[in-house]
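Structure assessment
If you want the building blocks of each chain, they are given just below.
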Amino acid sequence: MKIVLAPMDGLTDSYARDILTRIGGFDLCVTEFLRVTDTLFPQRVFYRRFPELNPNNTQVISHTSSGIPVFLQLLGSDPQAMAENAAKAVALGSQGIDLNFGCPAKTVNRREGGASLLQYPERIYQLVQSVRQAVPEQIPVTAKMRLGYDDPSLAMDNALAIENGGADWVTVHARTKLDGYRPPAYWEALAPVRKALAIPVIANGEIWSVDDYLLCRQKSQCEDVMLGRGAMVIPDLALQIKYKTGQLSHEHYKPLSWTDVVKHLEQLYLLMSTNTALKERYIAPRLKLWVKWLMPTYTQAEDIFSELKKIRNAGDAIKLIQDSSKAVD
Ligand SMILES: Cc1cc2nc3c(=O)[nH]c(=O)nc-3n(C[C@H](O)[C@H](O)[C@H](O)COP(=O)(O)O)c2cc1C
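Residues numbered from 1 in each chain as written. Predicted model: local features only at pLDDT ≥ 70, side-chain atom pairs only at ≥ 80, totals over all residues. Heavy atoms only, no water.

**Section: the site of the ligand**
We count it as follows: Consider each residue's heavy atoms; a residue with any of them within 4 Å of a molecule or strand counts as near. Contacts described as polar in this section are N or O atom pairs within 3.5 Å, which, within protein, must combine one atom able to donate a hydrogen with one able to accept it, while residues neighboring in sequence count only if both atoms come from side chains. Asp, Glu, Lys and Arg are counted as charged, while Ala, Val, Leu, Ile, Met, Phe, Trp, Tyr, Cys and Pro are counted as nonpolar; the rest, among them Gly, fall into the polar class.
Contacts to the ligand come from 17 residues, most closely from P7, Q73, N204, E206 and R229. Within the side chain of R229, an N or O atom sits 2.7 Å from an oxygen atom of the ligand. Grouping the amino acids of the shell around the ligand by side-chain chemistry returns six nonpolar, six polar and five charged.

**Here's the deal with the domain arrangement of the protein**
Threshold: The split of the chain into domains comes from an automatic or database domain assignment. In what follows, residue pairs with any heavy atoms lying within 4.5 Å of each other are defined as contacts. The term buried area denotes the loss of accessible surface (1.4 Å probe radius) that occurs when two parts are joined, taken as the sum for both partners. By convention in these notes, a salt bridge is any Lys or Arg side-chain nitrogen within 4 Å of a carboxyl oxygen on Asp or Glu. Runs of H or I in DSSP of at least four residues are treated as helices and runs of E of at least two as strands, each being numbered from the N terminus.
Annotation of the protein at the domain level lists domain 1 (3-252) and domain 2 (258-324). Counting residues at the interface gives 15 residues for domain 1 and 16 residues for domain 2. Approximately 1500 Å² of surface area, both sides summed, lies buried where domain 1 meets domain 2, with 69% of it carried by carbon and sulfur atoms. The residue D13 makes a salt bridge to R286 at a minimum N-O spacing of 3.2 Å. Linking domain 1 with domain 2 are seven residue pairs in polar contact (both at pLDDT 80 or more). Mapped onto the side of domain 1 that touches domain 2, the elements with two or more residues apiece are α1 (14-23) and α9 (229-233).

**Notes on the pattern of salt bridges**
Here is the rule: Relative accessible area decides the class of each residue, using a 1.4 Å probe on protein chains only: under 20% of the type maximum gives buried, over 50% gives exposed, and in between gives partly exposed.
Counted according to the given criterion, the structure contains twelve salt bridges. Between D18 and R22 there is a salt bridge; the shortest N-O distance is 3.0 Å. Placement of the pair is D18 and R22 together in helix α1, with a separation of four residues, close to one helical turn. Taking the relative accessible area as the measure of exposure, D18 reaches 11% and is therefore buried. According to the relative accessible area criterion, R22 is partly exposed, its value standing at 28%.

**Re the pairing of strand β7 (residues 201-204)**
Our working definition: Strands were regarded as paired on the criterion that DSSP finds at least two bridges between them. Handedness rule for crossovers: strands pointing away from the viewer, path from the first strand over the helix to the second running clockwise, crossover right-handed.
Residues V201 and A203 point to one face of β7 and I202 and N204 to the other, with burial holding for every one of them. Examined bridge by bridge, strand β6 (residues 169-176) and β7 share four bridges and lie parallel to one another. Counterpart to T171 in the pairing with β7 is I202. For the handedness criterion, the β-α-β arrangement of β7, helix α8 (residues 210-220) and strand β8 (residues 225-227) is classed as right-handed.

**Focus on helix α6 (residues 155-164)**
Of the positions making up α6, those classed as buried are A155, N158, A159, A161, I162 and E163. Residues of α6 that are buried make contact with β4 (97-101), α5 (121-134), β5 (141-148), β6 and α7 (190-196).

**A word on the nonpolar core**
Across soluble globular proteins, nonpolar side chains show a tendency to be buried alongside one another. What counts here: As used in this record, nonpolar core signifies buried Ala, Val, Leu, Ile, Met, Phe, Trp, Tyr and Cys residues forming a set joined through side-chain atoms within 4.5 Å.
Ranked by internal contacts, the top residues of the largest apolar core, which has 112 residues, are L99, F101 and L227. The residues that make up this core include at least three from each of domain 1 (3-252) and domain 2 (258-324). Not counting residues within four places of it along the chain, the set of residues in contact with L99 comprises Q73, L74, M82, L127, V128, V131, V141, T142, A143 and K144.

**Structural notes on unusual backbone geometry**
That bond from P183 to P184 is cis: its omega, 5°, falls within 30 degrees of zero. In this structure, P184 sits in the loop between β6 and α7. Phi angles above zero are rare outside glycine, and S62 is one such case at about 65°. By the secondary structure assignment, S62 is in the loop between α2 (43-49) and β3 (70-75). Here S62 falls in the buried class, since its relative accessible area comes to 0%. In this structure, Q221 takes a positive phi of about 65° despite not being glycine.

**Re the environment of T259**
Along the chain, T259 falls in helix α11 (residues 258-274). Judged by relative accessible area, which is 23%, T259 ranks as partly exposed. With 63 residues separating them along the chain, T259 and Q322 place their C-alpha atoms 8.5 Å apart.

**Topic: the sheet that holds β7**
By definition, the strands of a sheet pair up through backbone hydrogen bonds, in either a parallel or an antiparallel sense. For clarity, the cut-off: Orientation is described by lines fitted to C-alpha atoms, with helices fitted over the stretch in contact, and by angles between N-to-C directions that extend from 0 to 180 degrees.
The eight strands lie next to each other as β1-β2-β3-β4-β5-β6-β7-β8, forming a closed barrel whose pairing is parallel. Across the sheet, the mean angle from the axis of one strand to that of its neighbour is 30°, orientation sign disregarded. With three bridges joining them, β3 and β4 adopt parallel strand pairing. Paired with L72 across the bridge in β4 is I97. Docked against the sheet, α6 engages β4, β5 and β6, running at close to 175° with respect to β5.

Structure follows, in structure tokens:
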């Protein structure tokens, strides 16, 4: 069973990927989408979106500090530009390329990228094929799609287009673009796709607990999953799933306490503070964002949030977070 950390623009940046893979349970990360128009990006654009590619930042290129591979996600509709950028990313060391056919954002869809392409399986086929042909055979090319644009009637056609285009696997977010992020996720709609395809299908959407994983597995018939927001709320959700399904032994599993979480936030703070390119004013909001996501799981996060919200200085923010772990865990 494989667990992939979802790309989430504005949430799973390289710092989040670093923290969450250090906590563990993930087998792969995908970067936030890089939107391709008709140009070949210079190296610095790849490094900005995908700092794990930059040899100055990392011990092993295209891996997080705990050794988990990271794929670059590209979003666009021009097969040639997508292929050229994919080839460049691979030349810079990207371990794989993921193609985004699921983004519901208006700006992206107006320019025919992301989920809008789900109306045209033939174009999806061409995009996957073009990227597949541009990168070496041993580099995985994968795709992430939703069930459809307005409705799920083309789900199978799109999944087959992705397979026939030469993708190594496909992740399916079990909702249409029209559904947005409104629950539920239609996990059962993945089962026929899983059955029809020879390549692996990774289920995604609304997995917030181990029970959700088990139900999703049963309904979708997919063992592999991608976790998004659930991993922000329960940072050790991937570990919990592996433990409860017997993939991880008792000795290798310890529930993540608030004290543990605070240590990871300290590390996040240190990493961000030592990055000279990162503006100081970015760091406190980032810490607040994390604590906010953690509130449903940790009462300590809830207890400090109203005070934390008022703080602008990153040093004061991390101090408040550190102090909260000195109380009984
Ligand atoms: C804030 C946010 C940003 C997202 N950005 C991306 C993205 O860059 N690329 C992508 O393929 N999906 C993106 N997604 C979709 C997620 O990868 C995932 O498919 C979705 O959140 C459903 O999974 P979840 O219920 O586990 O969160 C984003 C989702 C959120 C909430």
